[in-house]
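# Architecture and fold: a report
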Amino acid sequence: MAASLLRRDKKATAAHLKADLNRTDNSSGLRQLQELLDNVLNPEKPASDTEALDWCKYLLAGGDGFEEFCKTVRSYDNATLCGLVWTANFVAYRCRTCGISPCMSLCAECFNNGDHTGHDFNMFRSQAGGACDCGDSNVMRESGFCRRHRLKTGESVPSVPCDLLLMSEMVLPRFIISIIQYLRDGYTEPESATDRDLQKVLQQLEPQISFLEELTKMGGAMRTVLTKILTNQQTFKELSMGQEENVYAKRSYEKYLSALKNSGLVSVEEKGSAGAGAGAADSSAGAGALSLLGAAAAASPNEENKEEDQDGGQCVGQRKRVKLSSSTKDPSIMDTLKHKCFLEELLFWTIKYEFPQKMVTFLLNMLPDQDYKITFTKTFVQHYAFIMKTLMKSHESDTMSNRIVHISVQLFSNEELARHVTEECQLLDIMVTVLLYMMESCLIKSELQDEENNRHVVVNCGEALLKNNTYWPLVSDFINILSHQSVAKRFLEDHSLLMLWMSFVSFFQGMNLNKRELNEHVEFESQTYYAAFAAELEACAQPMWGLLTHCKVKETQEYTKTVVRYCLETLQIWFDAIGFVDEPAPNQVTFHLPLHRYYAMFLSKAVKCQGLDLDSLLPDQEMLMKIMVHPLQIQACLSEIHSNMWVRNGLQIKGQAMTYVQSHFCNSMIDPDIFLLQVCASRLDPDYFISSVFERFKVVDLLTMASQHQNTVLDAEQERPMLEGALTFLVILCSLRIHLGMTDDEILRSEMVSQLCMNDRTHSSLLDLIPENPNPKSGIVPGSCSFEEMLSAVADFKAPVFEPGGSMQQGMYTPKAEVWEKEFDPIMVILRTVYRRDVQSAMDRYSAFLKQSGIHTGNPWPPYKERTPLHPCYRGLVRLLHCKTLHIVIFTLLYKIWMDHQNMSEHVLCMVLYLVELGLDNHMQEDKEDEEPCIEEHCHDSWFPGTSLLSNLHHVIHFVRVRVPETAPEVEKKRERERERETPPSTSAESSSFGQNLREAQLFSLVAERRRKFQEIINRSSHEASQAVRPKSSSRWHPPGSPPQLVTEILEIRESMLSLLVKLHQKLSAKQNSLSPGWLEEADPAHHAHGDGITAIERILAKAASRSRHSKRCLQEICGRVCPPVTAKKNSPGDKKSMDKEERRQRARERQQKLLAEFASRQKSFMETAMDVESPEAEAAMDVGSAEPLDSEVLYDCVICGQSGPSTEDRPTGLVVLLQASSVLGHRCRSDEAKRLPTSDEEQIFPEDTCGATNDVRLALMQRYFKDSSCLQSVSIGWDGGVYVQTCGHTLHIDCHKSYMESLRNDQVLQGFSVDKGEFTCPLCRQFANSVLPCKPGRGTEAGAWHTPSNKSPATLAKEVGDLQEELGIFPVSTYTESNLTKEMESVIKDIKNATQKKYMDYGKNPGSPDNDFLFMYSVARTNLELELVHRGGNLCSGGASAAAKRSCLNQLFHVLAMHMRLYSIDSAYNPWTRLTQITQNRESEYGDEERPEGAHAVSRCPPPY
């Protein structure tokens, strides 16, 4: 029967079968159809056979043409949704005003046919694909629907005739099972399968899948039929397993079961009793979840669990992955699948084949059918764990990720559907469990804190899973469903889920640990920090923001309390797991603390939006102290990185520091960290907190009033930036209000102003630079300003302009004048600055505004900006500004700045004054303004009587006890007094005062004592904590032997903070009477808003006087004491000017003497230590009081490895230089007339009287009459094409330079120079260079003499030069022995010769002769001396205008040339220096008359006139 049907016409056969099937008794038709389909859709036929597809089209049409059939079916389309599916790179639209879900998108047709006038929309190019949501009221508001989908089209469409789709219902099940069977057959075992095999199968099936896709486009009627077929369980059971006689179907089903098993999955039947766990997640899953944090199992011994850590940061060799116990999670989620319909198995094979685009499009095209959408969503959730496993194994994870999201975003953007599958399919349990399983595959043991005993595990950022963002589609789905309020509330109500999620977040806590390199530069700069920052932002921070959006009202208080409780529990487990007690491990930092940030942000939301009491959410004091440590460590390490203390870790550590504060990360990283530290500061003892800050920043040793100190942790050049960093951090901590009381509008305005003050911005760049959360970038939010409204309020728009070249400059926004005057906040600018230069840019723009507006003409200081009031919960933060420890720091720094101690800077003074002003503006509630303080000057543990800054400002400190080295000036002064037998204090009052002042404490002793006391109180119950001792680590190399011992000295101070401020005012203004006693009567703080340091001090003094009568009286006394009343005799202006000038000179001399004494003391100390290292016998030979200059070896700093040492023969050090051919000297002219451009061929731009032309004529003339060798010794050839050597001044080891050049050769990045020609950029300053000039080993006496000015007469100097010439110069390296130094010197000579053209080197008659070579070497020296004269304005001794900017390399160059010149045997009897200077008798008689050797010398005896 089937054979006869096959021979007939397809159209006629289809009509015949349709007629038979429409009869009441259709058994005959059914039998004929089945036989026909068995033959046509025989799976043993090749899939590429198009005959079967043609038969299906005719059968579906039932005797009509297929196109006509399609048209007829479309006329019954009852769909109310658009559902248009697109792939990557499709241009679509998104309207934030109309969207309910953030993932909403519209096709161009629906967008253009809708009304979106005035809406916040954007056009975008789709990256992963998508589908049009027009008509779906669950995803977008109905007001945004297009005209077509706004009408309920389904209501007016007639019902579908029963016979229209009859054939479709009969044929399509067989057609779909044939596709499934082809997929089963085509998929081979995972070990033998290749991507090519899978692609070949898909390519053969493309016509069939395209046919299915074509059917979905016929409209709602056909999609309904397809839905019934795809979800019919009975039909699937019959066709999938096959009948008894169908051997092929049985074999096909066995392949399907084999594929399930090989995928790590089993069917429910095979699972047996384990299937009972496939329901809701077991409650024990959450109960044991937190044990994951501290209970890492031993590493698996299998080789497959080991992996070479090529990009794993600080570790070397192999690191073992850690496997956690899986008993805490429901295994049925991960390894059980049961397929009951075509749709489920189709999705299974879609995943197996890694989401082929055609299959994805077909499955998405069916989504407008609601029954299908629900079933498909449940099926997708059922396969979620399998999707994760396939994704992790895929070699094309990026493509697969995009296609997964292409599907999932259509399913989970619908809140009603997401809630439905959450309730019925445990969607949240599945997602969290799948994410946990995924991250467990790349866990390693944490090395934070106690490396050996650490039980915490973290993700390995070097794994492909994190580097390739493989987790992205799963995290994206989780973020998507948390955007729905009903789903998020269910998540927050499920405590076991919350605990599982905290376990997941803890995997990222402390990841990508950085260990500071102290010795060698890191060989390989790991780039894992990209993966680490992306992982925290996407996997931790984004879900956190999603949850926070649903915790904005008082009704959700319980949710916040629950999250906060679990955060604290998880943090405590983390502290225990890493072995943390009270001190962080030295030289370690991780920028990733998501648990801290979860806790901080939920605290902020609880206080700001839900009205919760902060104290009810805080732990005890001991826990707060622990929570504070790691965020504070990050802030200190930021300063360390900017102070170049981490330079040996490479550029990647700076990349981490910049990413941490970058606009896309700052609101999820630095802002929560600062807020958490503000919370800790508001509740902890302020003295403890302040002392902890200065300890973390390693500047405690610097905070002494002594002129010298010993810092065991920092180098001298690192102290100032670290001190500046500590003070800046305190200012930010006390002044930032982002989470302490500012509204969303105020935050947005502050962010916008800070970005605009750095630079003018385009609209798009400004939109990108404003942190997205918690403030909306755009769109109208209830109770909030829009981005556009705020921008128009703070900035003016500069319209686009055409540049001279024809290109158009973009329109820019620039701050309004009132913004500069009233809202410019330098602290916010510092916080939001990625590059330090942006801070300077903001200050330069601020200075330009002040000058332009006539407010201030000098160099202004950062303006002080008054802060918004603190939220009542955070009032305790003000205590930081009113604690004795901070006041001691302020007093000490004011004193050190006034005394010109080392490492003090203008920025330090600026930040100190900022802290003082913050304290004056933020009173303590218990302060009484004019109460006389109870003065107890000799308190055992304090310098000040109370905690109020207003009272302590005028408190006088008389004596201070300090610990200083024996070589300090304070000790020398004491010894001088003893030698001079000064009278000791004899009166009882003086003796009593001296005895009492012995009880005064020095600053860092006080800090340590107060901190120990506080810890004893807090840790009284913890014996371990009270006994813990953390030794300080030293980052510097110290020579063997004991360091200089410290002795105790008493300094007489007799100053208060007010008196020091007055004296600093005098110092800054360079006037002794800068403040008159009556100045306070006229002072008004409002008039000092903008200005320099003088203005800032005046503003502070005026505020202090206006807020305290006692401070005002003290200030008047100080001004009267410093500036005595003027006598009747008035000085003339000239006398006053001369007195000021003389005073400045006297103070300059004193400062110079102080610096010289300090330098001599340092040298003495260093030499003593150095002699101890070299030999004990050398001590006797070292005369400390000798006045001879120190003949120490010159030390060079290598800018690549960072090591400091001398240049040696085996390991020479070189100077980075640029060799250039220059004809500048040859273009000089005899006349000073201005040159004119030539206007005709006769005129020449280069006249014939140039230096180069004159010398060419002279050489040619001499070569006509004299011997060639004599001529070449008588001229210089560097006028045209001479080699000019210049340097940036930086040095490096030659071997380091070779490694650096090798790395440049291997670098694939496009460079602007030729590495093969030896070109490179200086590793430090990035100036262009092309050679390295070796430095001569030896002592530093020559270098010192080189720069020593002299008043000797020219005759004496000429005699000294002649004497030097007669001495046999002993070069430190023998020219006959090979060493690394001589090799490098020879290499530099080759570089010098290659720097110019051949024609500028050979001027003799015999090219390449030694005479030519000698002339070239001599001319290099002459050329560089001449060019040095040009730079210095014609005088080598005067310096000239550009001498400061140009670094000289003549010393090193002459040594290299001298070594090379020794290879030539030149006529040494002839000495032109003695002939020219006439310092010896003329020796012409000694020469014979042969070959006229002297003739040419006589001609060129006089120097040229240039």
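Parameters at a glance
- Residues numbered from 1 in each chain as written.
- Predicted model: local features only at pLDDT ≥ 70, side-chain atom pairs only at ≥ 80, totals over all residues.
- Heavy atoms only, no water.
- Helix = DSSP H or I, 4+ residues; strand = E, 2+ residues; numbered from the N terminus.
- Buried < 20%, exposed > 50% of the residue type's maximum accessible area, 1.4 Å probe, protein only.
- Contact = heavy atoms within 4.5 Å.
- Areas by Shrake-Rupley, 256 points an atom, 1.4 Å probe, with all protein chains shown as cover.
- Pairing = 2+ DSSP bridges.
- Axes fitted to C-alpha atoms, helices over the stretch in contact; angles between N-to-C directions.
- Disulfide = S-S within 2.5 Å.
- Salt bridge = Lys/Arg side-chain N within 4 Å of Asp/Glu carboxyl O.
- Phe/Tyr/Trp six-rings, centres within 6.5 Å; stacked < 30°, edge-to-face > 60°.
- Lys NZ or Arg CZ within 6 Å of the ring centre and 35° of its normal.
- Expected span 1.5 Å × (residues − 1).
- Polar contact = N/O pair within 3.5 Å; in protein donor to acceptor, adjacent residues only side chain to side chain.
- Parallel < 35°, antiparallel > 145°, perpendicular 65-115°, else oblique.
- Left-handed = near helix turned anticlockwise from the far one by under 90°.
- Nonpolar A, V, L, I, M, F, W, Y, C, P; charged D, E, K, R; others polar.
- pLDDT = per-residue confidence, 0-100.

### Section: the overall build of the protein chain
When helices and strands are counted, the protein chain shows 65 helices and 23 strands. Counting across all 1506 residues of the protein chain, residues that qualify as buried make up 50%. Of the contacts made within the protein chain by residues no fewer than 6 positions apart, 80% connect residues no fewer than 24 positions apart. Entry remark: accessible area of the protein chain is about 70900 Å², with carbon and sulfur atoms responsible for 50%.

### What about the environment of Leu-915?
Take Leu-915: it is sitting in helix H44 (residues 906-921). Between the C-alpha atoms of Leu-915 and Thr-728, which are 187 residues apart in sequence, the distance is 9.4 Å. Ignoring sequence-local partners within four residues, the contact set of Leu-915 consists of Leu-727, Leu-730, Val-731, Leu-881, Leu-886 and Ile-890.

### Observations concerning the sheet that holds strand S23 (residues 1331-1334)
Spatial strand order, S20-S19-S23: three strands in an open sheet with antiparallel pairing. The two strands at the open ends of the sheet, each matched to only one other strand, are strand S20 (1282-1293) and S23. The sheet shows a mean angle of 40 degrees between the axes of neighbouring strands, taken without regard to direction. Across nine bridges, strand S19 (residues 1213-1222) lies against S20 in antiparallel orientation. Along S20, the bridge assignment pairs Ser-1222 with Gly-1282.

### Remarks on the environment of Leu-466
Position of Leu-466 relative to the elements: it lies in helix H25 (residues 464-467). Owing to a relative accessible area of 0%, Leu-466 belongs among the buried residues under this scheme. Distance from Leu-466 to Ala-534, taken between C-alpha atoms, is 8.6 Å for residues 68 residues apart in sequence. Discounting residues that sit within four places of it in the chain, Leu-466 has contacts with Met-439, Cys-442, Val-459, Asn-460, Cys-461, Tyr-471, Ala-531 and Ala-535.

### So, the state of the cysteines
Using the criterion set out here, one finds zero disulfides in the structure. Sulfur of Cys-1198: no disulfide; nearest cysteine sulfur belongs to Cys-1201 and is 3.6 Å away.

### Thoughts on the pattern of salt bridges
Under the definition given, this model contains 38 salt bridges. As a salt-bridge pair, Glu-917 and Lys-1103 come within 2.8 Å of each other at their nearest N and O atoms. Separated by 186 residues along the polypeptide, Glu-917 in helix H44 and Lys-1103 in helix H52 (residues 1093-1107) bring together distant segments of the chain. A residue is classified by how much of its surface remains accessible, and Glu-917, at 2% relative accessible area, is buried. Residue class for Lys-1103 comes out buried when judged on its relative accessible area of 5%. The salt bridge partner of Arg-1107 is Asp-921, with a shortest N-O separation of 2.9 Å. Taken together, the positions of Arg-1107 in helix H52 and Asp-921 in helix H44 put the pair 186 residues apart, joining distant regions of the chain. Overall, the relative accessible area of 23% leaves Arg-1107 in the partly exposed class. Among the charged side chains, a network of salt bridges with common partners joins Glu-917, Asp-921, Arg-1099, Lys-1103 and Arg-1107.

### Here's the deal with the packing of aromatic side chains
If you walk through the whole model with that rule in mind, you get 42 aromatic pairs. The interplanar angle of 25 degrees and the centroid separation of 4.7 Å between the aromatic rings of Trp-501 and Phe-504 together place this pair among those described as stacked. Pair noted here: Trp-501 and Phe-504 are both in helix H28 (residues 495-506), with a separation of three residues, about one helical turn. Site record: aromatic cluster; members linked through ring pairs are Tyr-187, Tyr-253, Tyr-256, Phe-348, Trp-349, Tyr-353 and Phe-386. When the ring centre of Phe-66 is taken as reference, the NZ or CZ atom of Lys-57 above it lies at 5.7 Å.

### Some details on helix H21 (residues 384-393)
Within H21, seven of the 10 residues are buried, leaving the element largely enclosed by the surrounding structure. All of the buried residues in H21 are Tyr-384, Ala-385, Phe-386, Ile-387, Met-388, Thr-390 and Leu-391.

### Quick notes on unusual backbone geometry
Even without glycine at this site, Asn-512 takes up a positive phi of about 50 degrees. Relative to the elements of secondary structure, Asn-512 occurs in the loop between H28 and strand S9 (514-515). Although it is not a glycine, Arg-1054 sits at a positive phi angle of roughly 55 degrees. Relative to the assigned elements, Arg-1054 resides in strand S16 (residues 1046-1055). For Arg-1054, a relative accessible area of 43% translates into the label partly exposed.

### Points about H52
In an α-helix, one full turn covers 3.6 residues, which means residues spaced three or four apart are oriented alike. Taking 1.5 Å of rise per residue, 15 residues should cover 21 Å, and H52 covers 21 Å from first to last C-alpha, within 8% of that figure. Buried residues dominate H52, accounting for 13 of its 15 residues. N-capping of H52 is provided by Asp-1092, with a side-chain oxygen placed 3.3 Å from the backbone N of Ile-1094.

### Considerations on the packing of helix H9 (residues 166-186) against helix H12 (residues 233-241)
Two elements in contact, H9 and H12, have axes whose closest approach is 10 Å; the angle formed by their N-to-C orientations is 45 degrees. Taken as axis vectors, H9 and H12 run oblique relative to one another. The element H9 and its partner H12 pack so that their crossing is right-handed. Contact with H9, carried on its side by Pro-173, Arg-174, Ile-177, Gln-181 and Arg-184, involves Thr-235, Leu-239 and Ser-240 of H12 and no other residues of that element. For the contact of H9 with H12, a count of residues per class yields three nonpolar, three polar and two charged.

### A word on the confidence of the model for the protein chain
On average, residues of the protein chain score 79 in pLDDT, and 75% of them reach the 70 mark or higher. Scored below 50 in pLDDT, residues 927-941 makes 28 contacts in the model with residues more than four places away or belonging to other chains.

### Details of the side chain of Asp-20
The topology assignment puts Asp-20 in helix H2 (residues 10-21). When its relative accessible area of 5% is taken as the criterion, Asp-20 is described as buried. Once you skip the residues sitting within four places of it in the chain, Asp-20 turns out to touch Asp-25, Asn-26, Gly-29 and Gln-32.

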